[in-house]
Amino acid sequence: MTSRYCEVALPVPLHSAFTYAVPDSLDGECLVGRRLVVPFGRRAMVGVGIAESETPPPADRVGSHIKEIASAMDSIPALTPNLLELGQWISRYYAAPIGETMRAMLPPEIELRHEREYALTDTGRAYLNDLASAAEITDTERDELERLSSLERSNARRKRVTEITAERLVRLGYLTAREIVRDRKIRTQKIVAWTSSSEDDASLRATPAERRIREILTAEHGPLPLPLLLEKAGVSRAAVERLEKAGLLRTWQESLTATEDAWDTDFTPPSNVLNIEQNEALGEIWGWLLDGRFTVGLLHGVTGSGKTEVYLGAIAAALSRGKSAIVLVPEIALTLWVGRLVRARFREGAAVLHSGLADIERAREWWRVCRGEARVVVGTRSAVFAPVENLGLIIVDEEQESAYKQEETPRYNARDTAVYRARLENAVALLGSATPSLETYHNARSEKYRLLRLASRVENRPLAAVRIVDLREDFRVHHRAAPISEALRQAIAMRLAEKTQTMVLINRRGYSWSLLCRGCGAFVQCQNCSIALTYHKARHRLECHYCGFVARPPKQCPKCAAEYMYFVGDGAERVEEYLRETFPEARIARLDRDTVRTKREYQKVLGAFARCELDILVGTQMVAKGHDFQRVTLVGVVAADLALGRPDFRAAERTFQLLTQVAGRAGRGELSGEVLVETYYPEHYAIQLAAQQDYLSFFEKEAHFRRVLHYPPFTALAAILVRDRKIENAIRWARALAGYFAPFEKRGVKILGPAAAPLARLRRDYRFQFILKSLQRGALGQALAGCFDFCAARGIPPTAVIVDVDPANLS
C-alpha cells in the first residue's frame, strides 16, 4: 500500500508546517482542512491539515521516524479550500506563523480537554529505594513519589498529581511529564415528551399531577428538559418516572449547550423608506452582485444617512441570488444592535459570532454556519473567517476602526482580510463609514475601489450643531477645573428640563488617570510596565490596564516618602460621580469595561437608555459608534484632545474620526441635536474640521502631511518589536537585527531604529522598536521574509521578535 503523508499546521510560533504519516484508520479519507490530533514532543496538539502527499519528506527535515496522526476530530473539513488559501495569504502577508494563523480561523475545541500527566523516572525510583537523601525534597513531595510508586506497581503508570508539586519533581529529575488530549465529556440533559399515541387512555386514569404534566407537554410547551418540567408542573420526579414506566412519556438525552438568546419576537425593525441616495447606492450594489465579479465598494455616508438600511437591502439582494453574506462590526456592543436588526429581517438564517460568546455557544454558531443552517453572519473581526458557503457579500461597517486590527499573532486587519476573501470568492466587499480611513478613501479616489456617497441624513434631518469649548477660557472665567465645563453643565441642565437625553463621552476609564507625588513629581507606576497606574475609586485600587497589576493607593510616595499624593486627571468614573452630585434627580449610567463585562450587561444598559429609562449615559468610545437613540439631543465630549498627544502618525485621524462619530449620535430623531467638544487645543485642524464635519478637507490636509513624511497610504509600513525580560538580551538582539536590515536601505527600504518603544516596558519585557518604510511593498516583504531565518540562525527566540505589518498604531 502506498504511504500517505499530511502537512499539519500546528499552533506554535514557527513558520513551517509539520509532516505526519496517515494511519490505516484514516486511509482513503481527505484530511485537508480537517482538524487533526497529532503527537508533538511529549504532548498532543490539534492542528489542521493543509496538504497531502505520497512522497515522504527529506530525511534531514523530519529525521528517521515520521510520527502518525492520532485521530481526526471532524468528519467534514472545518476549513474550505478558499479559507485555507486565505490563511496561507495571511501567513505570508502579515509574516505570521502558519499554525497560529490557522488556529485563529478554527472553532473552539469544545470536544477535547488537555491534561498533563506524570510518571516516575529511574532517578525517582532510586530515590524511593534510598530515603536517606531526603534533604532535597519536602515530606509532601516524598508522599507524592511514594503514591506514584504504588500506583505504578498496580499497573497505573501515568496518573495526575498535584501540579505545583509535580512540576518541581520534574525539575529535580524524579518525574517526567507529558501533555495528552482526552475527549471532553459532553454534558447532557434528559428531555421528556408525551407519547401522543396514548392520549385517550391516559385521560381516563390520570391523577391531577399527571394531568398537569400532560397539559404542559402537549398544550403549552411540547418536549421539555426534566428540571424545567418539574418546575413548571410543580410535581415530583417520582410522578414523571411513574408515567415513563407506564409508557406515557418518552425520554432521551440531549447535549446541554449554553442558553440561547430568545429571538426578538417582540422587536419590530424600523420600516424606513429608502431615499433617492440610498436607492441609487443599493442599485449600484445590486449591479455588482448580478455581475458576479470581485468588486470593492466604499459607502461614504454622513452619520445618520441610513447606511444600515443599505446594508440590509444588500444582504437581501445577495440572498435572493442564492448567496451568503457576512457583516463585520468593530465592537461586540454593536453586534447586539446590528444582530437584532439582521435576525428580525432574516430570522433563523442569521448567526452571531464574536469572542464575547462562551466557547460552547461560539462553536454551536460556527457549526450552524458550516452546515449551511445560517446564511448571514454578524460578528466582530474573527467573523471574517466564518465558513459560509457561496459567499456573495462581505460588509465591513465602520471600516476605519482600529479594533479590526488584531493585536496578537496573527496580526491581521479584518478589513483588508475581508477584501482578499472577497477576491477569492468572486464576491462584493462593501466598506462603510462616515469617516473612512485615509487608506480606504485614497483607494476610492484612485478608482481602485468604487465610491458610493450618502451626503444627507435620512428625511433631510440636519446634522447636529457642534460648539467647541475652549477649556483655557473656561478656567480663566470660572477659576476652577471641574470634570466638565460650565457650558456643558448648563447644556445638560437644559436637556433634563426638556426631558430629552444626553450622552457624555470621555475616552478614559477609571476615576483618575494617575497618582502623582507633589514632592518629587513621580507618578506611581506599574511594576511590570512603564506606565502610570489608573485609580479606580469603586474598588479603591490602582490598576494597570495593560497587564492587570493592581495595588492599593500609597499614603506616601514610594520614591521620596513624601505625603503629598495627588490624583491627576478625570476618568469616566469621576465624570459619572460629578454628574450624580450635580444632578441628583437625574437617572445616570456608565458604559465602559469596568461596568459591563458580558453581552447581557451591554443589553441591559443600552436597552434602558433606548427605552428612555436613563437621562444621561456616560461612556468611553464604545458609545460613540453605530447606536441610534432617537431622543438624544446633546452629546458632550470631555477631553477631546487626549489622542493628539500620542506618539502616533494617526493621532489626528483618530481624533477627527472619534469626534465626528460621536457628534453623529445627536439629533438622529425628529429633535435637533447639539454637540459640545471640550479641548485645550481648539485651533488644531482635526478638531476644527470635525466640528464642521468636513471629511474632504480633513482628508486633503492629512494626506498632504502623510505624503511629505512618507506614511500610509503613500508608503508601506511595518513595525518590528524586539523584547525580553532581560534588557541586555533585548539590546543585543536589536543590534543584531539592525545589522540584518542595514543592506535593505540600498533596496528602497527606510530603516528607523532600533530605539526604545514608546511603551518601553510591557508585562516585564523590555522593548525596542524598528519602523520600516518602503514605497514598494515587495521590497518591504523581502526584508521581512528573511528576518525569521536570520533570528533562527543567531539563536534569537521566535517569541522575542514581533512583526506587525500595516500597524494600527505605533504607541
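In this text, all values refer to a predicted model and were calculated from it rather than measured experimentally.

Helix and strand content of the protein chain: 26 helices and 32 strands. Entry remark: accessible area of the protein chain is about 37800 Å², with carbon and sulfur atoms responsible for 49%.

Inside soluble globular proteins, nonpolar side chains tend to come together where they are buried. Counting residues in hydrophobic clusters, the biggest one holds 123 residues, and the most contacted among them are I720, L737 and L772. Counting residues per element, this core draws most heavily on helix 24 (residues 727-741), at seven residues. If we ignore the near neighbours within four places in the chain, the residues touching L772 are A716, L717, A718, I720, F741, V749, K750, I751, L780, A783 and L784.

Taken N-terminus to C-terminus, the directions of helix 11 (residues 276-291) and helix 12 (residues 307-320) make an angle of 30°; their axes are 10 Å apart at the nearest point. In this view, helix 11 runs roughly parallel relative to helix 12, as classed from their interaxial angle. Here helix 11 and helix 12 pass one another in a crossing that is right-handed. On helix 12, the residues touching Q278, A281, L282, I285, W286 and L289 of helix 11 are E309, V310, G313, A314, A317, A318 and S320. Residues belonging to the contact of helix 11 with helix 12 are distributed by class as follows: nine nonpolar, three polar and one charged.

It is worth spelling out the packing of aromatic side chains at this point. For any pair of aromatic rings, the description consists of the separation of the ring centres together with the inter-plane angle of the planes. On inspection of all chains with the given rule, the structure shows 21 aromatic pairs. Taken together, a centroid distance of 4.5 Å and an interplanar angle of 10° make the contact between F649 and Y711 stacked. Taken as a pair, F649 in the loop between strand 27 (632-638) and helix 21 (651-663) and Y711 in the loop between helix 23 (695-709) and strand 29 (716-724) lie far apart in primary sequence, 62 residues in all. Summarising the burial analysis for this pair, F649 and Y711 share the class buried. Ring-pair connections join several aromatic residues into one group, and the members of that group are Y441, F656, Y685, Y695, F698, F699 and F705. One cation-aromatic arrangement involves R508 over W513; the distance from NZ or CZ to the ring centre is 4.4 Å.

Here the focus is the sheet that holds strand 1 (residues 5-9). Taken together, five strands build an open sheet; the order of strands is 2-1-4-3-5 and the sheet is antiparallel. Each edge of the open sheet is held by one strand with a lone partner, namely strand 2 (18-21) and strand 5 (71-72). Of the strand pairs in this sheet, strand 1 and strand 4 (residues 43-53) are connected by five bridges, and their pairing is antiparallel. Paired with C6 across the bridge in strand 4 is E52.

Of the residues making up helix 26 (residues 787-794), those classed as buried are C787, F788, F790 and C791. Around the axis of helix 26, the buried residues are gathered within 155° of arc, so they sit on the same side. Opposite the packed face of helix 26, turned more than 90 degrees from it, sit the exposed residues D789, A792 and A793. Where helix 26 is buried, its residues contact helix 24, helix 25 (777-785) and strand 32 (801-805). Of the residues one or two after helix 26, G795 is the one with positive phi, at around 75°.

Cut-off values and rules
Residues numbered from 1 in each chain as written. Predicted model: local features only at pLDDT ≥ 70, side-chain atom pairs only at ≥ 80, totals over all residues. Heavy atoms only, no water. Helix = DSSP H or I, 4+ residues; strand = E, 2+ residues; numbered from the N terminus. Areas by Shrake-Rupley, 256 points an atom, 1.4 Å probe, with all protein chains shown as cover. Core = buried A, V, L, I, M, F, W, Y, C linked by side-chain atoms within 4.5 Å. Buried < 20%, exposed > 50% of the residue type's maximum accessible area, 1.4 Å probe, protein only. Contact = heavy atoms within 4.5 Å. Axes fitted to C-alpha atoms, helices over the stretch in contact; angles between N-to-C directions. Parallel < 35°, antiparallel > 145°, perpendicular 65-115°, else oblique. Left-handed = near helix turned anticlockwise from the far one by under 90°. Nonpolar A, V, L, I, M, F, W, Y, C, P; charged D, E, K, R; others polar. Phe/Tyr/Trp six-rings, centres within 6.5 Å; stacked < 30°, edge-to-face > 60°. Lys NZ or Arg CZ within 6 Å of the ring centre and 35° of its normal. Pairing = 2+ DSSP bridges. Arc of directions from axis to C-beta.

Read these as spatial facts, not as claims about activity.
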